[in-house]
Amino acid sequence: MFKVIRLALKNLTRYKRRTLLTGLLIAFGVVAVILFVGLSGSFTRVVVGQITDSVLSHLQVHRKGYVASIDNLPLDRLIPSPALQKLEDILAQTPGVAAVSPRIKFAAMLSNYVQTTGARLNGIDPAKEQAAAPLLASRVKDAAHPGTLLKPGEVLLPELLAKGMGIKTGDTVVLVATNRQGSVNGMTFKVAGVVESLMGPGGRDGYLHIKDAATLLRMTTPEISEVAVRAQSFAGVDKLAKALRAALGPIKNKKGQPLFELHTWDQLTPFHNVVRMIDIMILGIKIILIAVVLISVLNVMMMSVYERVREIGALAAMGTSPGRIRGLFVAEGFCLGLVSSLAGAAIGLGALLVLNLTGVEVHFGMANQVFALSPTIAPLEVVWACVIVLAVSVLASLQPAAKAARLEPVEALRHV
Amino acid sequence: MALVSLENVGKTYHMDEVEVPALAGVSLAIAEGSFAALVGPSGSGKTTALNLIGCLDKPSSGRVTVAGQDVSLLGRRQGAAFRGQKLGFVFQEFNLLPVLSVAENVEYPLLMIRDLPKAQCGPAVARVLEAVGMSDQAAKYPAQLSGGQKQRVAVARALVGNPALVLADEPTANLDGATAHRVIALMKQMRDEFGTTFVFSTHDPRVMDQAEVLFHLQDGRLVDAPAIAGEVGHV
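As a starting point, this report considers the structure included with it. Keep in mind it's a predicted model, so treat the numbers as computed, not measured. Residue indices begin from 1 for each chain and proceed along its sequence in written order. Both sets of labels track the order of writing: A upward for chains, 1 upward for ligands. Only residues with pLDDT of at least 70 are given local features in this predicted model, and only at 80 or more are side-chain atom pairs given and counted; all residues enter the totals for whole chains, interfaces and linings.

**Overview of the overall build of chain A**
Counting from the N terminus, the helices are the DSSP runs of H or I reaching at least four residues and the strands are the DSSP runs of E reaching at least two. What chain A contains, in helices and strands, is 13 helices and twelve strands. Here the C-alpha radius of gyration of chain A, 31 Å, is well above what a compact globule of 416 residues would show, namely 22 Å. Relative to its 416 residues, chain A shows a buried fraction of 41%. Contacts are defined on C-beta atoms placed from the backbone: any two residues whose C-beta positions lie within 7 Å are in contact. For chain A, restricting intrachain contacts to residue pairs at least 6 apart in sequence, the fraction spanning at least 24 positions comes to 81%. This radius of gyration counts C-alpha atoms alone. The globule rule is 2.2 Å times how many residues there are, raised to the power 0.38. Neighbour density around each residue's C-beta defines its exposure: 20 or more other C-beta atoms within 10 Å make it buried, 12 or fewer make it exposed, and counts between make it partly exposed, where C-beta atoms are placed from the backbone.

What follows is the structure, given as structure tokens:
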């Protein structure tokens with residue numbers, strides 16, 4: 001085997017420039033895959049991390065039917081106290097749950113005594129919310145209490161809204177809300193900070209204390225719009241969702257229908273479609289790599305066979321078996337793919353390292369969001385890219401190699 | 001018993017719808033240890049006869065026997081195996097592998113055809129390189145050699161596996177007169193040293209006279225009894 005590989009490597013040096021160009025083409029393809037997978041993977045991780053860690057958390061549990069009309073922020077589909085207690089018990093007993101944050105979501109009128117506008121608000125328990133959405137605090141600008149989101153009597157306002165109305169931290173505003181029964185109530189709040197906007201649902205919401213929300217909505221007993229659940233690991237979200245669905249499924253309402261509905265983060269944000277699009281683009285890049293390798297190796301090997309017909313004839317005449325001749329050419333394709341893919345992997349990983357050292361920032365969306373990327377690639381992805389190149393190289397060599405093995409020595413020796 | 005025997009051998013090539021007879025009714029025998037030449041003008045059938053003896057082609061009629069084996073019965077793989085074990089080849093164009101050194105070229109039949117371990121190839125390679133006077137050029141590559149040197153290497157490569165028969169098709173066609181003489185003399189010397197039977201084809205009158213047995217071919221037929229009457233050749 002090694003002697004065949006050794007001879008194949010030597011044969012690749014016959015036409016150094018051609019081998020080099022083909023190798024560079026293949027290596028470039030591998031570099032493109034590594035860079036694209038690294039950058040897009042990092043972008044996806046950062047954005048998904050932002051969405052889940054500062055707004056959605058990993059999972060959300062609502063009363064059945066809430067998500068279908070979530071844009072209206074309905075107050076007639078809240079989770080009542082007894083059901084909430086059951087839900088919290090289940091969440092406490094389910095392995096893999098890291099944090100739980102109940103929220104009251106509602107629409108209100110916001111006034112700074114000069115202007116009035118509508119606002120979407122979340123009533124939260126600051127400590128629980130920080131555990132379930134740990135990056136929310138990093139989105140709060142001009143925070144009155146760095147490290148703590150807010151205190152009772154305070155509100156965090158969405159950036160665009162605050163900017164438009166000229167509201168700053170420390171200002172007093174009035175929130176007026178209508179509760180489920182149609183009763184209107186108003187309360188004054190002190191602005192404890194401004195929340196940077198983020199793409200997706202909840203990305204332009206304001207926050208206040210959950211007790212203030214209950215008071216503003218005149219709730220006699222606390223009722224909850226949603227419960228955000230953070231999994232112990234992002235990789236374990238699907239497993240946790242499955243376990244929770246199994247546990248929540250048997251809980252029915254008075255009509256015998258499921259009381260709760262559970263959604264994972266990807267079911268709640270349209271960015272999931274961007275992630276899917278990125279995955280499709282990665283697949284596309286890989287298909288292009290396969291095409292590049294297939295065409296270039298096939299071309300090189302066909303040229304190689306055509307140029308060496310007499311030599312193949314001589315080797316066959318001397319007694320080299322058709323299988324060995326086939327093996328020699330397949331080994332050439334294999335070696336070309338191996339060396340090129342290893343070179344491409346080394347260059348690609350080096351480029352990722354450089355990008356990590358220099359830093360990459362991506363501006364995204366209308367709200368001047370800047371994501372600092374740390375492009376990395378899983379070792380398995382690199383191995384797969386190299387394995388794909390190797391497999392395609394061998395595949396592309398099969399036909400020329402078979403042609404070489406089929407050559408009749410007499411005909412081949414006569415070839416000019 | 002003859003090492004090579006052709007019994008009423010005919011070979012016809014089919015080119016499109018035209019039949020081109022290359023050999024017709026050729027019978028000859030070559031004894032072991034001979035230094036024989038197939039001579040004749042271009043198109044006389046020398047190469048066809050060598051191809052048949054070398055198991056590279058099959059006769060259209062008649063029987064070709066080499067080392068007791070009816071070569072017509074060998075399939076593609078069996079033919080390759082037979083050639084690898086029993087035969088050595090010297091080509092007009094040398095056909096050395098340009099990416100291999102002289103020693104590696106000579107080593108090729110042992111390493112890549114007979115699948116011997118590399119360690120076992122060394123002594124045999126050294127022996128034949130010494131015999132053809134190319135020991136000091138072992139590390140060079142074919143591009144660094146003259147035509148005569150390349151053919152010496154080709155002879156060494158043909159001999160390294162200690163074959164029963166070495167076939168050389170126009171081995172001097174690409175060499176000048178003096179070098180051609182030296183190469184034929186070398187082949188003869190190798191026959192003497194290793195006892196290997198040599199059969200070569202040539203149309204060069206300058207080297208014909210070095211053969212011990214001459215088979216004259218013309219238009220695909222043997223036209224004469226062996227010109228130098230050895231005890232081996234006959235029609």
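**So, the environment of A:Ile79**
All names here are of chain A. Looking at where Ile79 falls in the secondary structure, it is placed in the loop between strand 1 (59-63) and helix 3 (81-93). Overall, Ile79 belongs to the buried group, with 25 C-beta atoms counted inside 10 Å. The spatial distance from the C-alpha of Ile79 to the C-alpha of Ile224 is 5.0 Å, given a sequence separation of 145 residues. Not counting chain neighbours up to four residues away, the residues in contact with Ile79 comprise Arg63, Leu84, Leu87, Glu223 and Ile224.

**Focus: the packing of helix 1 (residues 2-12) of chain A against helix 11 (residues 322-358) of chain A**
All names here are of chain A. Between N-to-C directions, angles cover 0 to 180 degrees, with each direction set by a line fitted to C-alpha atoms, over the stretch in contact for helices. Viewed as axis vectors pointing N to C, helix 1 and helix 11 meet at an angle of 70 degrees, and their least axial separation amounts to 8 Å. Our classification of the angle between helix 1 and helix 11 gives roughly perpendicular. Both helix 1 and helix 11 take part in a crossing whose hand is right-handed. Along its contact with helix 1, which presents Val4, Ile5, Leu7, Ala8, Leu9, Asn11 and Leu12, the element helix 11 presents Gly327, Leu328, Ala331, Glu332, Cys335 and Leu336. Note on angle classes: values under 35 degrees are labelled roughly parallel, values over 145 roughly antiparallel, values of 65 to 115 roughly perpendicular, and the remainder oblique. Two helices that cross are described as forming a left-handed crossing if the nearer one is turned anticlockwise from the farther one by less than a right angle, and a right-handed crossing if clockwise.

**A word on the nonpolar core**
Counting residues in hydrophobic clusters, the biggest one holds 118 residues, and the most contacted among them are A:Val30, A:Ile34, B:Ala156 and B:Val199. Counting residues per element, this core draws most heavily on helix 11 of chain A, at ten residues. Not counting residues within four places of it along the chain, the set of residues in contact with A:Val30 comprises A:Leu289, A:Ser341, A:Gly344, A:Ala345, A:Gly348, A:Ala385 and A:Val389. Throughout this description, the term nonpolar core refers to a group of buried Ala, Val, Leu, Ile, Met, Phe, Trp, Tyr and Cys residues whose C-beta atoms join them within 7 Å. Formed by 63 residues, the second largest nonpolar core is a distinct cluster that contains A:Ile124, A:Val140, A:Leu175 and A:Leu198.

**A word on the sheet that holds strand 2 (residues 18-31) of chain B**
All names here are of chain B. The strand order across the open sheet built from four strands is 2-1-4-5, with neighbouring strands paired in antiparallel fashion. Each edge of the open sheet carries a strand with a single partner, namely strand 2 and strand 5 (69-70). Only when DSSP finds a minimum of two bridges between them are two strands counted as paired. Direction of pairing for strand 4 (residues 61-66) relative to strand 5: antiparallel, over a ladder of two bridges. Within strand 5, the position partnered with Thr65 by the bridge is Asp70.

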